[in-house]
Number of protein chains: 2
Amino acid sequence: MGLIGGSLGIDLRESGHQIYGISRSPETCETALERGVVDHASTEFEILSATEVVFVCTPIFAIASTIKQILPYLDPETIITDVGSVKQPIVSECSQLWSNFIGGHPMAGTSESGIDAALANLFKGAAYVFTPTAANKLEHVEKLKAIALELNAIPYVCDPQIHDRAVSWISHLPVMVSTSLITACLQEKPDTLKLAQILASSGFRDTSRVGGGNPELGVMMAKYNRTELLRSLYSYRDNLDTIINLIEEEKWQDLGNVLQSNGKSRPKFLN
Amino acid sequence: MGLIGGSLGIDLRESGHQIYGISRSPETCETALERGVVDHASTEFEILSATEVVFVCTPIFAIASTIKQILPYLDPETIITDVGSVKQPIVSECSQLWSNFIGGHPMAGTSESGIDAALANLFKGAAYVFTPTAANKLEHVEKLKAIALELNAIPYVCDPQIHDRAVSWISHLPVMVSTSLITACLQEKPDTLKLAQILASSGFRDTSRVGGGNPELGVMMAKYNRTELLRSLYSYRDNLDTIINLIEEEKWQDLGNVLQSNGKSRPKFLN
């Protein structure tokens, strides 16, 4: 019951569902009940026996171990889903643990975390991706899509690997591109660096933002989506080399064409 | 008399200076007078004989040719300054044309252009860099710094090359880093690309912003600041390679250290 779990609770309770919340911390359970995030809260897994769908909202590294702990308490028809930002390794491990596991990724968040950060309408208008396998029941996928619609999110269904490839391009690659910009600048001599820091404005601020973000999250992306991230980093490096070559060879018309074409294509990434 | 020239006129006229504006377009002269941007406006250079300081606010490629055209009309003590975002090539060429030329770069702007985009207080709180050479008179540099203070800008004085090196890091390099991200993504297969475009959110939006901006401006940066931009691009590529190597070798602790250190250093670039 942190930012994501808590926000799911608020909206789904509002839709009329009975919400059961689990936390290791009794204080979080108390806060969740006080804020009306859940109907029932406990540090014990027993209350999960009443559930039809379980959302595991832990960090990526704890998803499989959490499922192992809760599965003795679940009805065999219960669907387990997660909210991790990488899907292939999670789906591959958790499907072995529970046949009714379906990977999920709601594309919403804030820079805050914890139960106090939980919000109503966090998922409104956001994409919510589900990554079922051939082993999953179609009715279970439909049930999760219906829940996404109750959250006013937009459900998408795709292969776990396609999900990981897509988020590598638009989320994980930008972090590495952006952090390399900060590292490179910091290697300048002190006097020039100081002037650069004085002169930096919105262009630097925006391009460096995700590279200066949560380090744990950055490492998780790289660790769990390593293959796809490396694939997109290699392609990025090739494209950077092309830009460098155009500048080296003073091919200004070609450089202008690349910049113009990118300016025209960028709006397709902005919703 | 576009965004920058017009905005200089508005603020300096407010400070009590007599402002003389030149434009090739009679309509711009009319608008400038109507909006109170200038006291006198003309398409002819003769009116410049009354001026103590001339701000050349053309695009970079037209600065030297503009100075050649106006200099027959100027008092020998008149200071000429420009507002170009690169200084070394401009200072080197224009100092030959006019001994009282001092390069300038007010670090302010909007995405708009033209006289209609001119604003009061555009320079408030912004850095205004001057790049005099040993040949310039100290009193002339002081005069320009005093004008920057009247604009409520913060004047800095540095060597033209140091200016170009600093802006390469925080302004020109980010454009190339950012545009390479867009090009790389666009090379993905259509289905995955479409999903990536659907899933893209603020991280991609911010990191790709300056790479999808004005192509003419991007080419100007590369053309006039080629040496410094290439220097910063080579350093960037080395740093990107370091990140790629850490991910290839699964050195998660080291990657976390880089991300954490960059997160701590980034605020020094944000004013």
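Residues numbered from 1 in each chain as written. Chains lettered and ligands numbered in written order. Predicted model: local features only at pLDDT ≥ 70, side-chain atom pairs only at ≥ 80, totals over all residues. Heavy atoms only, no water.

Peer 1: Kindly report on the sheet that holds strand 3 (residues 53-56) of chain A, identifying the contributing residues and their values.
Peer 2: Residue and element names in this part refer to chain A. With mixed pairing, five strands are arranged side by side in an open sheet as 3-4-5-6-7. The outermost strands of the open sheet, each flanked by one partner alone, are strand 3 and strand 7 (154-157). This sheet shows a mean twist of 25° between the axes of neighbouring strands, independent of strand direction. In this structure, strand 4 (residues 79-82) lies alongside strand 5 (residues 101-106), joined through two bridges in parallel fashion. Its bridge partner lying in strand 5, Thr 81 is registered against Ile 102. Against the sheet, helix 3 (residues 63-70) touches strand 3, strand 4 and strand 5, its axis set at about 145° to strand 3. (Pairing = 2+ DSSP bridges. Helix = DSSP H or I, 4+ residues; strand = E, 2+ residues; numbered from the N terminus. Axes fitted to C-alpha atoms, helices over the stretch in contact; angles between N-to-C directions. Contact = heavy atoms within 4.5 Å.)

Peer 1: Describe the packing of helix 6 (residues 160-186) of chain A against helix 6 (residues 160-186) of chain B, naming the residues involved and giving the relevant values.
Peer 2: It is the contact of helix 6 of chain A with helix 6 of chain B, at a shortest axis distance of 11 Å, that shows an interaxial angle of 155°. For the element pair helix 6 of chain A / helix 6 of chain B, the angle class is roughly antiparallel. Viewed along their axes, helix 6 of chain A and helix 6 of chain B form a crossing whose handedness is right-handed. For the pair helix 6 of chain A and helix 6 of chain B, the contacting residues are Trp 169, Leu 173, Pro 174, Val 177, Leu 181, Ala 184 and Cys 185 of chain A in the first and Trp 169, Leu 173, Pro 174, Val 177, Leu 181, Ala 184 and Cys 185 of chain B in the second. Its residues assigned to classes, the contact of helix 6 of chain A with helix 6 of chain B comprises 14 nonpolar, no polar and no charged. (Parallel < 35°, antiparallel > 145°, perpendicular 65-115°, else oblique. Left-handed = near helix turned anticlockwise from the far one by under 90°. Nonpolar A, V, L, I, M, F, W, Y, C, P; charged D, E, K, R; others polar.)

Peer 1: Give me the lowdown on the sheet that holds strand 6 (residues 127-131) of chain B, citing residues and values where you can.
Peer 2: All names here are of chain B. Here five strands make up an open sheet; going across it, the order is 3-4-5-6-7 and the pairing mixed. Pairing within the sheet leaves two strands with one partner each, and these edge strands are strand 3 (53-56) and strand 7 (154-157). Each adjacent strand pair in this sheet contributes to an overall mean axis angle of 25°, direction not counted. The pairing of strand 6 with strand 7 spans four bridges and is parallel. Note on strand 7: the bridge partner recorded for Val 129 is Tyr 156. The strands that helix 5 (residues 138-150) touches are strand 3, strand 4 (79-82), strand 5 (101-106), strand 6 and strand 7; relative to strand 7, the one it contacts most, it runs at about 150°.

Peer 1: Can you break down the interface of chain A and chain B residue by residue, with the values?
Peer 2: How large an interface is tends to be reported as the accessible area lost when its parts come together. With 84 residues of chain A at the interface, the matching set in chain B holds 84 residues. Buried surface at the junction of chain A and chain B, both sides included, amounts to about 8200 Å², of which 69% is carbon and sulfur. When the buried area of chain A at its contact with chain B is split by residue, Leu 199, Arg 266 and Phe 269 of chain A rank highest and sum to 9% of it. At the boundary of chain A and chain B, one finds eight salt bridges. Measuring nitrogen to oxygen at the nearest pair gives 2.4 Å for the salt bridge that ties Arg 237 of chain A to Asp 241 of chain B. There are 29 residue pairs in polar contact (both at pLDDT 80 or more) connecting chain A and chain B. (Buried area = accessible area lost by both parts, 1.4 Å probe. Salt bridge = Lys/Arg side-chain N within 4 Å of Asp/Glu carboxyl O. Polar contact = N/O pair within 3.5 Å; in protein donor to acceptor, adjacent residues only side chain to side chain.)

Peer 1: So what's going on with helix 10 (residues 226-248) of chain B? Residues and values would help.
Peer 2: In this model helix 10 of chain B runs 32 Å from its N-terminal to its C-terminal C-alpha over 23 residues, within 8% of the 33 Å that 1.5 Å per residue would give. At the C-terminal side of helix 10 of chain B, Glu 250 of chain B shows a positive phi close to 55°. (Expected span 1.5 Å × (residues − 1).)

Peer 1: With reference to specific residues and values, describe unusual backbone geometry.
Peer 2: Unlike most non-glycine residues, Asn 121 of chain A shows phi in positive territory, near 60°. For Asn 121 of chain A, the location among the structural elements is in the loop between strand 5 and strand 6 (127-131). Unlike most non-glycine residues, Glu 250 of chain B shows phi in positive territory, near 55°. Glu 250 of chain B sits in the partly exposed class, given a relative accessible area of 43%. (Buried < 20%, exposed > 50% of the residue type's maximum accessible area, 1.4 Å probe, protein only.)

Peer 1: Tell me what's going on with the nonpolar core, and back it up with residues and numbers.
Peer 2: By size, the foremost hydrophobic cluster in this structure holds 76 residues, and its most contacted members are Tyr 236, Ile 247 and Leu 255 of chain A together with Tyr 236, Ile 247 and Leu 255 of chain B. Residues within four places of Ile 247 of chain A in sequence aside, it is in contact with Trp 252 and Leu 255 of chain A together with Met 176, Ala 222, Arg 226, Leu 229, Leu 230 and Leu 233 of chain B. (Core = buried A, V, L, I, M, F, W, Y, C linked by side-chain atoms within 4.5 Å.)

Peer 1: Residues and numbers for the pattern of salt bridges, please.
Peer 2: Pairing is possible between side chains of opposite charge, provided their charged atoms come close. Counted according to the given criterion, the structure contains 23 salt bridges over all chains. As a salt-bridge pair, Arg 13 of chain B and Asp 39 of chain B come within 2.7 Å of each other at their nearest N and O atoms. Of the two residues, Arg 13 of chain B sits in helix 1 (residues 3-14) while Asp 39 of chain B sits in the loop between helix 2 (26-34) and strand 2 (40-42), which places them 26 residues apart along the sequence. A residue is classified by how much of its surface remains accessible, and Arg 13 of chain B, at 32% relative accessible area, is partly exposed. Residue Asp 39 of chain B is classed as partly exposed on the basis of its relative accessible area, which comes to 24%. Counted as one network, the salt bridges with shared partners bring together Arg 165, Glu 228 and Arg 231 of chain A together with Glu 188 of chain B.

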